[in-house]
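Structural features, examined
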Amino acid sequence: MTAHTDHRPVETVETAIDLLGVLKQAGRTGMGVTEVATELGLAKSTAHRHLQTLADRGLIVRTGDNYRLSSWFLDYGVHVRNQHPLYDLARPKVDELAAETDEKVWCVIEEDDIGVHLYGATGKHSVTTHARVGNRTPLHQFAAGKAILANLPDGQVDRIIDGHGLNERTPQTITDPGELRAELESIREQGYALNREESVPGVHAVGAPVRGEDGHAIGAISIAGPANRLRGELLTQDLPDLLLGAVNEVEVNLAHA
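Everything in this summary refers to the structure shown in the same document. What you are looking at is a predicted structure, and each value in this text was computed from that prediction instead of being measured.

Further remarks concern the nonpolar core. Counting residues in hydrophobic clusters, the biggest one holds 28 residues, and the most contacted among them are Leu 86, Val 206, Ile 221 and Leu 243. At the level of elements, α5 (85-101), β4 (104-111), β5 (114-122), β8 (203-211), β9 (217-226) and α9 (232-255) are the ones that each hand at least two residues to this core. With seven residues, α9 is the single largest residue contributor to this core. Ignoring anything within four residues of it in the chain, the contact list for Val 206 reads Ala 143, Tyr 192, Ala 193, Leu 194, Ile 221, Ser 222, Ile 223, Leu 235, Leu 239, Pro 240 and Leu 243. Ranked by size, the runner-up nonpolar core spans 22 residues in total, among them Trp 106, Val 108, Ala 147 and Ala 193.

This is the structure in structure tokens:
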């Protein structure tokens, strides 16, 4: 007899996750029981029980009448980041590239079909954007993500495009599947991806994949800066050459780790 696996969600777990999400959005001030109940459509008594249980387990803390996320998540987040094979190998090159270019440099990985910012370094003249460690962004919206997407198995690429869709982040974001597939082919041929204001207005970037032994991307490194500075041969030749050299070093170290 074939074993049956029950994939139905556990409602109490879903509620707890949703609750943590609204507290994350609330930031350092947190939220009170009534606010949480209203936000999630729960009875106040139900919201209070969930909040108290999470507080008892140390996942959230209470300050006055409000609850906020605790540093419990910091321990888990740092642990997850440190366990990724790219973190220790890519970090020195990310720091080196930031110092050499004076721009913002990121190491990005793919997890569950989404791009995740693993580690970043800031150069002297880098700009501030929405990107941060742990940030989760659709792969088609930015240079490192497109570099990864172009070097994933075809079946996974199809699943991402068909399943997740191609949401627009800026007017320059590629949202047409045919256009994206053509660009991914170009990225595979030239070895790097460009982002011309596709994720942040006024910001350009170049990204290159870090490939594993199977030839598929396990992550990418990108360099980003103001569009008026990252343009012309700097964007299409100088930075890609620099980035591809750095990525090659990471791949060699990864193969012998």
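Within the structure shown, the criterion is met by three aromatic pairs. Centre to centre, the rings of Trp 72 and Phe 73 are 4.9 Å apart; their planes meet at 80°, and the pair counts as edge-to-face. Owing to a relative accessible area of 28%, Phe 73 belongs among the partly exposed residues under this scheme. Consider the rings of Tyr 87 and Tyr 119, whose centres lie 5.9 Å apart with planes at 80°: the pair is edge-to-face. Placement of the pair is Tyr 87 in helix α5 and Tyr 119 in strand β5, with a sequence separation of 32 residues. Taking relative accessible area as the criterion, Tyr 87 reaches 6% and is therefore assigned buried. In this structure Tyr 119 comes out as buried when scored by relative accessible area, which is 16%. Clustering of aromatic rings is evident, with ring pairs tying together Trp 72, Phe 73 and Tyr 76.

Take the packing of α5 against α9 next. Running from N to C, α5 and α9 point in directions that differ by 155°, and their axes come no closer than 10 Å. Classified by the interaxial angle, the pair formed by α5 and α9 is roughly antiparallel. Judged by the twist between their axes, the crossing of α5 over α9 is right-handed. Residues Pro 85, Leu 86, Leu 89, Ala 90, Lys 93, Leu 97, Glu 100 and Thr 101 of α5 form the contact with α9, whose own contacting residues are Leu 239, Leu 242, Leu 243, Ala 246, Glu 249, Val 250, Asn 253 and Leu 254. For the contact of α5 with α9, the residue count by class is eleven nonpolar, two polar and three charged.

The pairing of strand β7 (residues 193-196) with β8 spans four bridges and is antiparallel. Each bridged residue has a counterpart across the sheet, and for Asn 195 the counterpart in β8 is Ala 205. Taking the residues that link successive antiparallel strands as the turn, the β7-β8 hairpin has six residues, and the phi of Glu 197 there is positive, at about 60°.

What follows covers the sheet that holds strand β1 (residues 31-32). The three strands lie next to each other as β1-β3-β2, forming an open sheet whose pairing is antiparallel. In this open sheet, the two edge strands, each paired with only one partner strand, are β1 and β2 (60-63). Taken together, the two bridges between β1 and strand β3 (residues 66-69) define a ladder with antiparallel strand orientation. If you follow Met 31 over to β3, its bridge partner there is Tyr 67. In this fold helix α3 (residues 44-56) packs onto β2 and β3, with an angle of close to 50° to the strand it touches most, β3.

Take the sheet that holds β5 next. Strand pairing in a sheet relies on backbone hydrogen bonds, with the paired strands running either antiparallel or parallel. On the basis of which strands lie adjacent, the open sheet formed by six strands has the order β6-β5-β4-β9-β8-β7 and antiparallel pairing. Lying at the two open borders of the sheet, with one neighbouring strand each, are β6 (136-137) and β7. Pairing analysis gives nine bridges linking β8 to β9, with the strands arranged antiparallel. By the bridge assignment, His 204 is partnered in β9 with Gly 225.

About the cut-offs
- Residues numbered from 1 in each chain as written.
- Predicted model: local features only at pLDDT ≥ 70, side-chain atom pairs only at ≥ 80, totals over all residues.
- Heavy atoms only, no water.
- Core = buried A, V, L, I, M, F, W, Y, C linked by side-chain atoms within 4.5 Å.
- Buried < 20%, exposed > 50% of the residue type's maximum accessible area, 1.4 Å probe, protein only.
- Helix = DSSP H or I, 4+ residues; strand = E, 2+ residues; numbered from the N terminus.
- Contact = heavy atoms within 4.5 Å.
- Phe/Tyr/Trp six-rings, centres within 6.5 Å; stacked < 30°, edge-to-face > 60°.
- Axes fitted to C-alpha atoms, helices over the stretch in contact; angles between N-to-C directions.
- Parallel < 35°, antiparallel > 145°, perpendicular 65-115°, else oblique.
- Left-handed = near helix turned anticlockwise from the far one by under 90°.
- Nonpolar A, V, L, I, M, F, W, Y, C, P; charged D, E, K, R; others polar.
- Pairing = 2+ DSSP bridges.

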